[in-house]
Amino acid sequence: MVVLIGDGMKQAKEARRMPGVKKLHQESENSSKAEYIFGHLFGAIGILMGTPEKWFCLPLFMNLQDGVKTIFGWSDSSERQESHVVQMIEQGFVAAKTFGKALLLLDRYFLSVPAMKRLNELNASETTQMHIVTKAKSNAVAYEPPPATKEKRRGRPRKKGEVVKLKSLFQSRADDFQKAQVTLYGKDETVQYLCLNLLWGQGQYQELRFVLVRMGDRLSILVSTDLTLEATDIIRLYGHRFQIECTFREMKQVIGGFGYQFWSKSMPKLKRYLKKEDSHPLDHVTSEKDKENIRLTVKAIEGYVMCSCIAIGLLQLIAVCYSSRVPKLFFRYLRTPSKAIVSEATVMVYLRKSIFRMFARNPHLSITKIIQAKQEFNDYDEDSLAS
């Protein structure tokens, strides 16, 4: 089974003529982050890759999934007309059809009725199957299965049983929790858990596997659509979801993957204090030329970010495949020496210092021939004319 990871990335952008920028709400324990920002919301799908010593989230796809509904609606297409949550499910399923049976790890934001409905539709229409492991909010509720009745009664049969407030089970069923050793974030941790199969979803009542986890003072409620997964596997797998956050950080800080500044004069200025009853500035764009310029700007933004995904993916693959040459890569001071697998930053600095030497030593490589074919050689040395 292939493990996929999906999440959203909010990138602050203050450009008032940049398409797709909108007011976004972000929840963070970091007090330095504003509660509301103006920026882009990207959706990303990656695949879990690496070794037990170090795991990476290799990015497969990333695009704008919010703030561009009107732009893509100009072409009378159904593309990106769904919510961000539903789009993530659809993109994860596209990856699942490529790799086979897959498990998609998602944050708690993605546990919603529309997402589950879309997942069930896709699983029913295709031979490929994709399951989800995610996290429930602390105030989530579930339902007991409906009680079995032997005698026939008038009316429709009951679809659900009693309401279960999941958070209350940490106290009411504290004696039923089991202990286990689970590897989380590279360390062996002792956790207590309670595994229950309950119905979930107002009006849907889909059976899901809930795993209530207590680790010290931290309480979590994990959810899986795969009822065959063991509770310890669900806990361990959800711990890998954080790797996509590490990929976002490396893309932003190491290679500048979100440092784009594409804007267009055809894009109307963003109204910072737009009221709900007011129409969006994009609704007033009528010129076909302006619409095409805005589409090209969105294409440039997504193209830049996708090139960054390819670059960070290459760094990750090099780190996994060639970290056996670790002593040769220690060419700079590292406050914390790398383990068996080096980081993307170490690979990047190493390539910057040695890539041209590699080209000179390997003239038979295709990339070397492409670079040489695009070089212009003059008949004389221009530096000799400086005197």
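Residues numbered from 1 in each chain as written. Predicted model: local features only at pLDDT ≥ 70, side-chain atom pairs only at ≥ 80, totals over all residues. Heavy atoms only, no water.

## Regarding the pairing of strand 4 (residues 54–64)
Judged from the ten bridges that link them, strand 3 (residues 36–51) and strand 4 form a sheet pairing that is antiparallel. Residue pairing for strand 4: isoleucine 45 is matched across the bridge by phenylalanine 61. Between the end of strand 3 and the start of strand 4, which pair antiparallel, lie two residues. (Pairing = 2+ DSSP bridges. Helix = DSSP H or I, 4+ residues; strand = E, 2+ residues; numbered from the N terminus.)

## Details of the packing of helix 7 (residues 288–322) against helix 9 (residues 344–361)
Where helix 7 meets helix 9, the closest approach of the two axes is 9 Å, and the angle between their N-to-C directions is 95°. Put simply, helix 7 runs roughly perpendicular to helix 9. Contact residues: helix 7 offers Ile312, Leu315, Gln316, Ile318 and Ala319, while helix 9 offers Glu344, Val347, Met348 and Leu351. Here the contact of helix 7 with helix 9 is built from residues that sort into seven nonpolar, one polar and one charged. (Axes fitted to C-alpha atoms, helices over the stretch in contact; angles between N-to-C directions. Parallel < 35°, antiparallel > 145°, perpendicular 65-115°, else oblique. Contact = heavy atoms within 4.5 Å. Nonpolar A, V, L, I, M, F, W, Y, C, P; charged D, E, K, R; others polar.)

## A short note on the environment of leucine 64
With respect to the element layout, leucine 64 can be found in strand 4. Classification of leucine 64 as buried rests on a relative accessible area of 0%. Excluding residues within four positions of it along the chain, leucine 64 makes contact with His40, Leu41, Phe42, Arg80, Val298, Ile301 and Glu302. (Buried < 20%, exposed > 50% of the residue type's maximum accessible area, 1.4 Å probe, protein only.)

## Re helix 3 (residues 113–125)
In a regular helix each residue adds 1.5 Å, so 13 residues correspond to 18 Å; helix 3 covers 18 Å between its end C-alpha atoms and thus fits that length. The inward-facing, buried residues of helix 3 contact helix 2 (84–99), strand 6 (130–135), strand 10 (187–200) and strand 11 (206–215). (Expected span 1.5 Å × (residues − 1).)

## Some points on empty space enclosed by the protein
Counted under the stated rule, the structure contains one cavity of 30 Å³ or more. In this structure, the largest cavity occupies an estimated 40 Å³ of space. Lining the largest cavity are Ala44, Ile45, Gly46, Cys57, Pro59, Met62, Ile244, Thr247, Phe248 and Met251. When contributions to the lining of the largest cavity are tallied by element, the ones reaching two or more residues are strand 3, strand 4 and helix 6 (243–253). Considered class by class, the residues forming the lining of the largest cavity number eight nonpolar, two polar and no charged. (1 Å grid on protein atoms, 1.4 Å probe; cavity = no way out; pocket = protein on both sides within 12 Å on 5 of 7 lines; lining within 4 Å. Points joined across faces, edges and corners; volume = space filled by probe spheres on them.)

## A closer look at the layout of surface pockets
Taken as a whole, the second largest pocket holds about 630 Å³ of empty space. Around the second largest pocket, the lining comprises 20 residues; the ones closest to its centre are Ile318, Arg325, Tyr350, Leu351 and Met358. For the lining of the second largest pocket, the element with the most residues is helix 9, which contributes nine residues. Of the residues contributing to the lining of the second largest pocket, the split by class is 13 nonpolar, three polar and four charged.

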